[in-house]
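These are the residues of each chain, in order.
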Amino acid sequence: MADQPACPVVPVQHLVLPHLRAALKSGAPVVIAALGSSSTWGAMARDIADSYPAELQDDLAAMLPDAEISVINRGIGGEDAGREDARMASDVLALRPAVVIWQVGANAAARAESIGHFSALVRKGLRTLRGAHADVILMDNQRSARLLASPDNARINAALARLARQSGVSLFSRDALMRGWARTGAPLDGFLARDGLHMNDRGYACTAAALAAAMVRAVK
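Keep in mind the model is a prediction, meaning the values are calculated, not measured.

**So, the packing of helix α1 (residues 18-26) against helix α11 (residues 201-219)**
Contact geometry of α1 with α11 gives a least axis separation of 9 Å together with a crossing angle of 70°. Comparing the axis directions of α1 and α11 gives the class roughly perpendicular. Note on element contacts: α11 touches α1 through Met215, Ala218 and Val219, opposite Leu20, Arg21 and Leu24. Of the residues in the contact of α1 with α11, the class split is five nonpolar, no polar and one charged.

What follows is the structure, given as structure tokens:
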């Protein structure tokens with residue numbers, strides 16, 4: 001993020017990552033799988049190297065220099081819980097990850113998907129992921145003009161928070177993160193792309209920085 005302004009300082013979010021802590025303690029190589037849609041893939045970034053998973057790998061390498069950590073980007077634009085459930089075994093579990101970050105819900109909000117149907121699909125996916133003995137981090141929706149215009153966006157985010165609590169997994173809230181950025185006086189437009197939906201390079205980089213800080217705090 002050398003060419004970008006510094007990220008706003010916001011409270012570190014709380015994550016629980018026992019599998020990651022154990023893997024780091026053992027000295028084994030660590031795989032982190034980032035599952036999601038276009039904002040995981042890196043839509044509107046200048047390059048795939050500016051996606052949040054790529055930035056996260058760089059941040060973790062700097063913060064945990066003795067660890068061998070690979071962050072594998074498994075984002076596909078336009079997908080949501082149903083299609084991501086269908087490819088979990090081949091795209092995620094086959095990697096034997098210590099951590100799975102599942103960004104889900106933006107397309108459900110944009111398409112006005114039933115909250116009940118969405119919750120059932122995410123619950124099914126969480127059962128699959130937890131059976132793989134990996135730490136799971138659910139990631140909710142970014143605060144962008146097109147999503148905030150959806151009446152379902154807040155309900156989707158609330159459903160993800162509820163599912164995280166019920167399933168005993170961690171939630172990394174981009175909604176809360178971006179609210180924090182706004183409270184520091186940083187205009188949200190500075191983190192968003194021109195399409196009114198996705199993050200720009202700074203948004204991806206600052207999301208990754210906040211997530212890396214939370215993950216490192218969890219293992220230390």
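From this point on, the discussion continues.
**Brief notes about the packing of aromatic side chains**
Geometry of an aromatic ring pair is reported as the spacing of the ring centres plus the angle between the planes. Enumeration over the complete set of coordinates arrives at one aromatic pair. Taken together, a centroid distance of 4.2 Å and an interplanar angle of 20° make the contact between tryptophan 181 and phenylalanine 191 stacked. With tryptophan 181 in helix α10 (residues 174-183) and phenylalanine 191 in the loop between α10 and α11, this pair connects stretches of sequence that are 10 residues apart. For phenylalanine 191, a relative accessible area of 0% translates into the label buried.

**Quick look at the packing of helix α3 (residues 52-63) against α11**
Running from N to C, α3 and α11 cross one another at 45°; their axes reach a closest spacing of 8 Å. If you check the angle between α3 and α11, you find them oblique. Crossing angle aside, the handedness with which α3 passes α11 is right-handed. Two secondary-structure elements touch here, α3 through Tyr52, Glu55, Leu56, Asp59, Leu60 and Met63 and α11 through Tyr204, Ala205, Ala208, Ala209, Leu211, Ala212, Ala213, Met215 and Val216. When grouped by side-chain class, the residues that make up the contact of α3 with α11 number 13 nonpolar, no polar and two charged.

So, how was this worked out
In every chain, residue numbers begin from 1 and rise along the written sequence. Note on the predicted model: pLDDT of at least 70 is required for a residue's local features to be given, and 80 or more for side-chain atom pairs to be given and counted; whole-chain, interface and lining totals, by contrast, use all residues. Only hydrogens and water are set aside when side-chain values are computed; all heavy atoms of the structure are taken into account. Only the stretch in contact is used when a helix axis is fitted, and all axes are lines through C-alpha atoms; the angle between N-to-C directions ranges over 0 to 180 degrees. Put simply, DSSP marks the helices as runs of H or I at least four residues long and the strands as runs of E at least two long, and each gets a number from the N terminus on. Convention used here: angles under 35 degrees read as roughly parallel, angles over 145 as roughly antiparallel, angles from 65 to 115 as roughly perpendicular, and any remaining angle as oblique. Residues count as neighbours in contact if any of their non-hydrogen atoms are within 4.5 Å of one another. Residue polarity is assigned by list, with Asp, Glu, Lys and Arg as charged and Ala, Val, Leu, Ile, Met, Phe, Trp, Tyr, Cys and Pro as nonpolar; anything else, Gly included, falls into the polar class. The criterion for an aromatic pair is that two Phe, Tyr or Trp rings (for Trp, the six-membered ring) have centres within 6.5 Å, with stacked assigned to planes under 30 degrees apart, edge-to-face to planes over 60 apart and tilted to the rest. To sort residues, take the accessible area from a 1.4 Å probe on protein chains only and compare it with the maximum for the residue type: under 20% means buried, over 50% means exposed, and anything in between is partly exposed. Here a crossing is taken to be left-handed if its near helix is turned anticlockwise relative to the far helix by less than a right angle, and right-handed if that turn runs clockwise.

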